[in-house]
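# Topology and contacts: notes
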Amino acid sequence: MQNDSQILKPQAAPLMLGLAGFGTVGSGLIRILEENREAIIRRVGRDIRIKTILVRDPGKTRACAMPEGARFCGSREELLNDPEIEVVVELMGGLDAAGALIRAALAAGKHVVTANKALLAEAGNELFTLAQDKGLFLGYEASVCGGVPVVQALRSALSANEFSSLTGILNGTCNYIISSMTINGTSFDCALKQAQELGFAEADPTLDIGGFDTAHKLILLVRLAWGVDYPYAELPVTGIRSISPDDIQFAREFNYTIKLLGRARRDANGRIEAGVFPAMVPTSYLLARVGSSYNAVRLEGNAVGSIFMHGKGAGDTPTGSAVAADIMEIARGDRPNNLGYNLRGLPPADIVPTEEAISSFYIRLRVKDRIGVMRDVATVLAEHRISIQQALQKGTDDIVSLIFMTHACKTKDVIGALAKLAAMDFMGAEPVYYRVLPPPCGD
Ligand code: NAP
Ligand code: HSE
């Protein structure tokens, strides 16, 4: 039993929410607010209640019961015009309807919590400025890495650092697919279906497997780490569709694991080199051991050194946990700076073009097994200033795989060499190339 002297502040009226979206994340949030109600009240000093829920089809069967006292509403306006609702929680996804709802909510003086990384990556500068001008909280912890509190870490706990790089496994669906292919030999399509059934995938899974969801999250992390706006449309993005069981096996033979990474670095001149790509990660790195739908982020700060954060990056309650935490900040009366910078809007990033990026590469060619092919390939690589570190030929059919690990070279030289090779008569398929993480950036 708690006596009165232990209560730090009087119980305020419940914080009333309007929830838009009762799907995977919406259901996770509802369950957390119901099941952890007492713990939440002990932490924030007041109850948090969902009053109204906006969905497309109120007749649909839901993954959990309607919260006590809540009801479906017929329109966005009904939710926005209710003065009792202080916070709009946007868990619908998509750009247009979600963007219109958030703009209208901020205009109406309501705080907003969202998990919508796509919208924030594309329209974040505008929405954050709108929220800032109104003195409102625009919470988005759930938008990056689900339950892993990387937004708050960058905005607050690590905010005294200058960062040189960040590297992340930011998409649970892709990591689930690659891990299932690597560990269980599951086919790509079967693993994708499982990820969809488990609620990890986006409504449109090409956002996941095309690398675009990782790109959305990377844009948000770049903003938080360096206080600059990197236009989403300019970020180079490669997805995971080209990864074959052969690549996974060859990677293993070289002691690497393939992962889809979002990676950004800042050079000595303050320029940002960023991109999303499948990469060969040495098996000894912590990043290589991040399995299933787990996410991880590795940050290099000049004061703190290396930081590695790891946890569930997708799914109902891991994501709901982050949404609930943002709502609890509002309930407490905390009004954190949404972006973590004392600026109105963020300046544009000074971008290093992707072709200038320097890395070691894995190159896989399918070629006719005949005299002189290895010589011709080596000649083209040499003409493009690419030095071979290791080479391997695999297969016994007419078409075999040639695999090269290169020393560090410019991306544009690899692209040029592979374009030239692709036109040669001994080629059996499109060349494939992935970056290789260098040992100094390891764990
Ligand atoms: P979901 O399962 O597809 O649920 C979407 C919900 O929004 C549904 O209840 C749907 O209504 C409602 N909705 C969609 N469009 C609407 C519209 N125009 N008007 C009214 N209601 C609308 O999606 P989710 O997986 O929960 O994802 C929600 C958001 O969280 C997305 O931004 C996603 O990127 C993000 N996110 C998801 C995860 C995850 O693990 N799933 C993790 C992090 C972030 P009906 O139910 O009636 O169709
Ligand atoms: N589709 C996303 C993923 C959801 O798989 O990571 C979490 O943002």
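First things first, this report covers the structure right here in the doc. For clarity, every value in this text was computed on a predicted model and none was experimentally measured.

Let's shift gears to the overall build of the protein. The helix and strand tally for the protein stands at 14 helices and 16 strands. The C-alpha radius of gyration of the protein comes to 24 Å, within 12% of the 22 Å expected for a compact globule of 443 residues. Each of the three principal axes of the protein carries a C-alpha extent, and together these read 85 × 50 × 40 Å. In the protein, buried positions account for 54% of the 443 residues. Across the protein, the fraction of contacts at a sequence separation of at least 24, relative to all contacts at a separation of at least 6, is 73%. As displayed, the protein has an accessible area near 19100 Å², and 51% of this comes from carbon and sulfur atoms. Charged side chains of the protein number 45 positive and 49 negative; the gap between the two group centres comes to 2 Å.

Close to ligand 1 lie 24 residues, the nearest being Asp57, Lys60, Arg62, Glu202 and Gly315. Lys117 places a polar side-chain atom, nitrogen or oxygen, 3.1 Å from an oxygen atom of ligand 1. Residue Glu202 places a side-chain N or O atom 2.6 Å away from an oxygen atom belonging to ligand 1. Protein chains shield 85% of the accessible area of ligand 1, which is 890 Å² for the free molecule.

Tracing the chain through its elements places Ala331 in helix α12 (residues 316-332). Overall, the relative accessible area of 4% leaves Ala331 in the buried class. In this structure the C-alpha to C-alpha distance between Ala331 and Pro14, which are 317 residues apart in sequence, comes to 8.4 Å. With near-sequence residues (within four places) excluded, Ala331 lies in contact with Leu15, Val44, Arg46 and Ile48.

Attention now moves to the site of ligand 2. Lining the immediate environment of ligand 2, one finds Lys117, Asn171, Gly172, Thr173, Phe200, Ala201, Glu202, Asp208, Asp213, Lys217, Gly313 and Ala314. Within the contact set of ligand 2, an oxygen atom lies 2.5 Å away from a side-chain nitrogen or oxygen of Lys117. In this structure, an oxygen atom belonging to ligand 2 sits 2.7 Å away from a main-chain N or O atom of Gly172. Here ligand 2, which alone exposes 260 Å², has 94% of that area covered by the protein.

Under the definition given, this model contains 32 salt bridges. Several salt bridges converge on common partners, so that one network encompasses Glu34, Arg37, Asp47 and Arg49.

For Cys145, which is not glycine, the phi dihedral falls at a positive 65°. Examined against the element boundaries, Cys145 turns out to sit in the loop between β6 (138-139) and α6 (150-157).

It is worth spelling out helix α13 (residues 373-383) at this point. Within α13 the residues assigned to the buried category are Val373, Val377, Val380 and Leu381. Burial along α13 is one-sided: seen end-on, the buried residues are contained in an arc of 100°. Exposed residues on α13 whose side chains face more than 90 degrees from its buried face are Arg375 and Ala382. Residues of α13 that are buried in the fold lie against β12 (358-368), β13 (388-394), β14 (399-406) and α14 (411-422). Downstream of α13 by one or two residues, Arg385 has phi in the positive range, about 65°.

Scoring rules and cut-offs
Residues numbered from 1 in each chain as written. Chains lettered and ligands numbered in written order. Predicted model: local features only at pLDDT ≥ 70, side-chain atom pairs only at ≥ 80, totals over all residues. Heavy atoms only, no water. Helix = DSSP H or I, 4+ residues; strand = E, 2+ residues; numbered from the N terminus. Rg over C-alpha atoms; globule rule 2.2 N^0.38 Å. Buried < 20%, exposed > 50% of the residue type's maximum accessible area, 1.4 Å probe, protein only. Contact = heavy atoms within 4.5 Å. Areas by Shrake-Rupley, 256 points an atom, 1.4 Å probe, with all protein chains shown as cover. Lys, Arg positive; Asp, Glu negative; His and termini not counted. Charge placed at Lys NZ, Arg CZ, Asp CG, Glu CD. Near = heavy atom within 4 Å. Polar contact = N/O pair within 3.5 Å; in protein donor to acceptor, adjacent residues only side chain to side chain. Salt bridge = Lys/Arg side-chain N within 4 Å of Asp/Glu carboxyl O. Arc of directions from axis to C-beta.

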